[in-house]
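A look at the structure
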Amino acid sequence: MNYKPEAHFRSRLLEKLYAPQYRFVTVEVGLPQGHKSQAVREGCFLLGQKGCDAMNLADNPNARVKMHPLAFQSRLLQAGPAFMDTIYHVTCRDKNMIALQTEVLGAAALNIAAILAVTGDAVKKGPEPAKSVFEGNSLRLLEMVRKMRTGKLMSGEDLEQPVDMLVGVAYNPNAENIDNETERLLRKIEAGADFAETQPVHSKDAFDRCVEALARYNIPQERFPVIFGLMPIMSRKNGEFLNAHFSGIKVPEGALAEFDAVKTREDKEKLAYEQTLELAMHFSKDGTNNYYIICPFQRYELIGKIVEYVKFGYSHVQFNDSAYLKQDMSRQVETPDRIKAVVPGNKRDH
């Protein structure tokens, strides 16, 4: 029998990722630690209105129990129009190959455009008295999805229909040995990966060494899109916690020290916004058009402002809608050093 995959969401996402001038933005939202999802769904719709192209739904990150991403996707679809694509993280930590294939079939049934194939954090990182499975790793997941896209299960049995979705992989720009990390990325590309998402980048140096490594190994964005991670740090305590407990994240002391003189929540949020935009500006000057933003502590309004900047060039220099700076975001971005205050009504030319 000749199978014809249903090409719809995958094609749309693929076109966005590979379009030279398109600014692709995906946001990871934290799923609830319970079965009620209204607040998170409302946050997703707000981000969609701000210009977000896709939502990343993680699978129990850091081995902590959360709502199942496929259940959340179902609630999203019930709640309103699907104006965003979904990138669903599939991890090897908790499931054997039977369960992993079932997960992919469930994702396909819920119109999920892409999965992110990751090995997953060890159970010991979380509080649950559980055992890890790890029957495979991210390369094994790539093999599995590649077969399922041809209409076959890992056993060789036929599927009634092939799955039609992209598959992404992780790439860590903060790795101590960036060459080893990039060589592993090459193996993932050869195994069928369509794109990569990075852990959050919190320093220009980490971004620069990553871009240099990708160039050395001949992995240009037009050949293989790498979506660079951004995650606002909300306080020194927040940054120190991430450094201590989250694999692949490295917040430099310089970024943390800037919070020492900041006391109010509003000022900390403003600083988090400024730091994140400064990194986004640096990414864009190197021709990066794809952004993966992680939303901390359900700060949807803050992330919405960041989405507006990286997507359209609107810089909120104050936390209100009346004062903003419009940037030229066509390719290279000319930007003030650290978001300078703009007097309302005062226009700048770029």
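As a reminder, the structure under discussion sits directly above these lines.
One structure accompanies this document, and this report is about it. (Residues numbered from 1 in each chain as written. Predicted model: local features only at pLDDT ≥ 70, side-chain atom pairs only at ≥ 80, totals over all residues. Heavy atoms only, no water.)

**Quick look at the packing of helix α2 (residues 38–50) against helix α11 (residues 300–312)**
At their nearest, the axes of α2 and α11 sit 9 Å apart, and the two run at 25 degrees to each other. In terms of axis orientation, α2 runs roughly parallel to α11. With respect to the hand of their crossing, α2 and α11 are arranged in right-handed fashion. Counted together, Ala39, Val40, Gly43, Leu46, Leu47 and Lys50 of α2 and Tyr300, Glu301, Ile303, Gly304, Val307, Glu308 and Phe312 of α11 form the full contact between these two elements. Counted by class, the contact of α2 with α11 contains eight nonpolar, two polar and three charged residues. (Axes fitted to C-alpha atoms, helices over the stretch in contact; angles between N-to-C directions. Helix = DSSP H or I, 4+ residues; strand = E, 2+ residues; numbered from the N terminus. Parallel < 35°, antiparallel > 145°, perpendicular 65-115°, else oblique. Left-handed = near helix turned anticlockwise from the far one by under 90°. Contact = heavy atoms within 4.5 Å. Nonpolar A, V, L, I, M, F, W, Y, C, P; charged D, E, K, R; others polar.)

**Side note on the layout of surface pockets**
Volume-wise, the largest pocket comes out at about 1,500 Å³. Glu28, Pro61, Asn62, Asp121 and Phe246 are the residues nearest the centre of the largest pocket, which is lined by 50 residues in total. Going through the elements one at a time, β3 (85–91), β4 (114–118), α6 (178–190), β6 (195–200), α8 (236–245) and β8 (290–294) are the ones with two or more residues in the lining of the largest pocket. A breakdown of the residues in the lining of the largest pocket according to their chemical character gives 22 nonpolar, 17 polar and eleven charged. (1 Å grid on protein atoms, 1.4 Å probe; cavity = no way out; pocket = protein on both sides within 12 Å on 5 of 7 lines; lining within 4 Å. Points joined across faces, edges and corners; volume = space filled by probe spheres on them.)

**Describing the environment of alanine 39**
Locating alanine 39 in the fold gives a position in helix α2. In sequence terms alanine 39 and glutamine 298 are 259 residues apart; their C-alpha atoms lie 8.7 Å from each other. The residues contacting alanine 39, other than those within four sequence positions of it, are Gln298 and Tyr300.

**Brief notes about the state of the cysteines**
Taken as a whole and assessed by the stated rule, the structure comprises zero disulfides. Note on cysteine 44: no disulfide assigned, nearest cysteine sulfur contributed by cysteine 52 at a separation of 8.1 Å. (Disulfide = S-S within 2.5 Å.)

**Details of the sheet that holds β8**
The eight strands are arranged β1-β2-β3-β4-β5-β6-β7-β8 in a closed barrel whose pairing can be described as parallel. Each strand axis lies, on average, 25 degrees off the axis of its neighbour in the sheet, ignoring direction. When β6 meets strand β7 (residues 226–230), the two strands line up parallel, connected through three bridges. By the bridge assignment for β7, glutamate 197 is matched with isoleucine 227. (Pairing = 2+ DSSP bridges.)

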